[in-house]
Amino acid sequence: SVTIFSRAGHAAAAWLPTGEVRVAAPAVAASFASAGEHLLLTAADGSVMQMMMADGTVSEAAIGGNYGHAWKGACRLQSGGLARLALSTSTSGVSEAKFILG
């Protein structure tokens, strides 16, 4: 599940839970999109779920498929498409970052 916290406008205010939503798979990375209107949750298999912050509805933004990658995050492109960041490690142990569209 994902728990959302918020606080009053001043720095000394405490962070308090304001809502919780259950998601199908545990997220390995979370990032905000569209000026904070959506939360993108990237799973270990590369799938991405999009949660609407206004009402907590969750929808699939990208299907999974590990492909030997360690998925690190996702972001929305200006066109509305999705970009995902992944790392792959060669047999010699060298890590390579990959930027995958879609």
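To be clear, the structure that these remarks concern was listed above.
I will try to describe carefully the structure that is included in this document. (Residues numbered from 1 in each chain as written. Predicted model: local features only at pLDDT ≥ 70, side-chain atom pairs only at ≥ 80, totals over all residues. Heavy atoms only, no water.)

1. Some points on the overall build of the protein
Broken down by element type, the protein carries 0 helices and 9 strands. Moving toward the C terminus, one meets the helices and strands of the protein in the order β-β-β-β-β-β-β-β-β. Here the C-alpha coordinates of the protein stretch approximately 50 × 30 × 25 Å along the principal axes. The proportion of buried residues among the 102 residues of the protein is 29%. Considering only residue pairs separated by 6 or more positions, the protein has 20% of its internal contacts joining residues 24 or more positions apart. Mean positive and mean negative side-chain charge positions of the protein (6 and 6 charges, respectively) differ by 6 Å. (Helix = DSSP H or I, 4+ residues; strand = E, 2+ residues; numbered from the N terminus. Buried < 20%, exposed > 50% of the residue type's maximum accessible area, 1.4 Å probe, protein only. Contact = heavy atoms within 4.5 Å. Lys, Arg positive; Asp, Glu negative; His and termini not counted. Charge placed at Lys NZ, Arg CZ, Asp CG, Glu CD.)

2. Focus on the side chain of S88
Mapping S88 onto the fold places it in strand 8 (residues 82–89). Look at S88 and you get buried, because its relative accessible area is 13%. Excluding anything up to four places from it in sequence, S88 contacts G68, H69, V94, S95, E96 and K98.

3. As for a nonpolar patch on the surface
Taken together, the side chains of L85, F99 and L101 make up a nonpolar region of the molecular surface, amounting to roughly 330 Å² of accessible area. Relative to the assigned elements, F99 resides in strand 9 (residues 95–101). A relative accessible area of 56% places F99 in the exposed class. (Patch = residues over 30% accessible without salt bridge, like charges linked within 9 Å, V, L, I, M, F, W, Y side chains within 5 Å. Areas by Shrake-Rupley, 256 points an atom, 1.4 Å probe, with all protein chains shown as cover. Salt bridge = Lys/Arg side-chain N within 4 Å of Asp/Glu carboxyl O.)

4. Re the pairing of strand 5 (residues 48–52)
Bridging between strand 4 (residues 38–43) and strand 5 involves 5 bridges; their strand directions are antiparallel. Within strand 5, the residue paired with H38 across the bridge is M52. Between the end of strand 4 and the start of strand 5, which pair antiparallel, lie 4 residues, with G46 showing a positive phi angle near 95 degrees. The pairing of strand 5 with strand 6 (residues 58–62) spans 4 bridges and is classified as antiparallel. (Pairing = 2+ DSSP bridges.)

5. Side note on the sheet that holds strand 3 (residues 27–33)
On the basis of which strands lie adjacent, the open sheet formed by 4 strands has the order 3-4-5-6 and antiparallel pairing. The open sheet is flanked by strand 3 and strand 6, the only strands paired with a single partner. Between one strand axis and the next, the sheet turns by 30 degrees as a mean value, whatever way the strands run. (Axes fitted to C-alpha atoms, helices over the stretch in contact; angles between N-to-C directions.)

6. Quick word on the environment of S47
Following the sequence through the fold, S47 ends up in the loop between strand 4 and strand 5. Its relative accessible area of 12% is what places S47 among the buried residues. Those residues in contact with S47 that sit more than four places away from it in its chain are L41, T42, A62, I63, G64 and R84. Among the polar contacts listed, one links the side chain of S47 to the side chain of D45, at a separation of 2.7 Å. (Polar contact = N/O pair within 3.5 Å; in protein donor to acceptor, adjacent residues only side chain to side chain.)

7. A closer look at the sheet that holds strand 7 (residues 69–76)
Note on sheets: strands pair through backbone hydrogen bonds, and any given pair is parallel or antiparallel. An order of 7-8-9 is seen for the 3 strands of this open sheet, with the pairing classed as antiparallel. At either margin of the open sheet sits one strand with a lone partner, and together these are strand 7 and strand 9. Direction aside, neighbouring strands of the sheet carry axes that sit 20 degrees apart on average. Sheet topology note: the strand 8/strand 9 ladder contains 7 bridges and is antiparallel.

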